[in-house]
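Below, each chain spelled out in residue letters.
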Amino acid sequence: MTITRKKGPLYLQVKKIVKDRILHGVYPLGGHIPSEPQLEQEFNVSKMTVRNAIRELADEGYVEKKSGIGTIVLTNTPVTRLSKGKRFTELLVEEGHRLEKRLLKVGNERLLPGTELHGLLGPEAVRIERLYVLDDQPYIHIQHYLAAATLSGAEPEAGEPAFESLYDLLEEQDIVLDNFRDAFSVGPASAETARLLGVSIGTPLLVRLRRTYDVDGQLVEYSVGYYQTELQNYLVSYDT
């Protein structure tokens, strides 16, 4: 993956990518992250850049560097402002699954007057389309819609994703997320969703509609996700 100085300090970009891989089980709990030379080569950065990234991850409690052994993953659970409960993806990782996010498309989209999205976000929105792959099998096709100014300057360069975690990116831009509301239903797979998930057109899928709000009660994100629950049920964890 390419990182550039246009996106901020290099060590923070490396840290962000490695952290996201930890949270999604690419580097499993109790396992090792790649060695410093491997990370230097992957990201084409200096030894100091990698060391600074690992030091910050260690300070936050995600990893521990042990002499002669390597850098061990200590936790794969982030601190989230959205809820005391754990996110669905966190629960999957805790069960030992590996979850990969693939950015399919990102760009501005005109919203048709009279539609729900136009009423929520106005005449234009940023549309982000992603595919989640669970243990090497396509699992979730999701489309996010955000107010047009939300991701100003965050579009990818030369086909590279500009972010790993959408919610982390929002918080980095001082958009403090406060709560989300989910609505679930069952819907047929469209031709595009069927192609991406490897199912037949019209296959019944779990559909999740999400609205995410900031601390002022303003809508930040509207998303629709299609889940192939034959691979894995949707999990919810409640704190008491």
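Definitions and limits used
Residues numbered from 1 in each chain as written. Predicted model: local features only at pLDDT ≥ 70, side-chain atom pairs only at ≥ 80, totals over all residues. Heavy atoms only, no water. Helix = DSSP H or I, 4+ residues; strand = E, 2+ residues; numbered from the N terminus. Buried < 20%, exposed > 50% of the residue type's maximum accessible area, 1.4 Å probe, protein only. Contact = heavy atoms within 4.5 Å. Areas by Shrake-Rupley, 256 points an atom, 1.4 Å probe, with all protein chains shown as cover. Pairing = 2+ DSSP bridges. Axes fitted to C-alpha atoms, helices over the stretch in contact; angles between N-to-C directions. Salt bridge = Lys/Arg side-chain N within 4 Å of Asp/Glu carboxyl O. pLDDT = per-residue confidence, 0-100.

J.: Just checking my understanding: could you explain the overall build of the protein chain for this structure?
T.: When helices and strands are tallied, the protein chain shows seven helices and eight strands. A buried classification covers 45% of the 240 residues belonging to the protein chain. Pairs at least 24 residues apart make up 57% of the contacts formed inside the protein chain by residues separated by at least 6 positions. Summed over all atoms, the accessible surface of the protein chain reaches about 12,700 Å², with 49% contributed by carbon and sulfur.

J.: Can you walk me through the sheet that holds strand β5 (residues 137-147) in this structure?
T.: The strands making up a sheet associate through backbone hydrogen bonding, with each pair oriented either parallel or antiparallel. The sheet built from six strands is open, its strands ordered β3-β4-β5-β8-β7-β6 with antiparallel pairing. Single-partner strands in this sheet number two, and they are β3 (99-110) and β6 (177-188). Strand-to-strand twist in this sheet, taken as the mean axis angle between neighbours without regard to direction, amounts to 15°. In this sheet, strand β8 (residues 219-227) lies alongside β5 in antiparallel orientation, the contact comprising seven bridges.

J.: Mind showing me how you'd approach the pattern of salt bridges here?
T.: Side chains that differ in charge, positive against negative, can pair when their charged atoms come close. A full pass over the atoms with the stated rule returns 14 salt bridges. A salt bridge links Lys15 to Glu56, with the shortest nitrogen-to-oxygen separation between them at 3.1 Å. With Lys15 in helix α1 (residues 10-23) and Glu56 in helix α3 (residues 47-59), this pair connects stretches of sequence that are 41 residues apart. Taken as a pair, Lys15 and Glu56 share a single burial class, namely buried.

J.: What should I look at first to understand the confidence of the model for the protein chain in this one?
T.: Note: predicted coordinates in regions of low pLDDT should not be interpreted at a detailed level. Of the residues in the protein chain, 83% reach a pLDDT of 70 or more, and the chain-wide mean stands at 83. Per-element mean pLDDT across the protein chain ranges from 66 in helix α6 (residues 166-172) up to 97 in helix α7 (residues 191-197). For residues 80-85, every residue scores under 50 in pLDDT, and the model assigns this stretch 16 contacts once sequence neighbours within four places are set aside. Contacts for the low-pLDDT stretch residues 155-162, under 50 throughout, to residues beyond four places or in other chains number 15 contacts.

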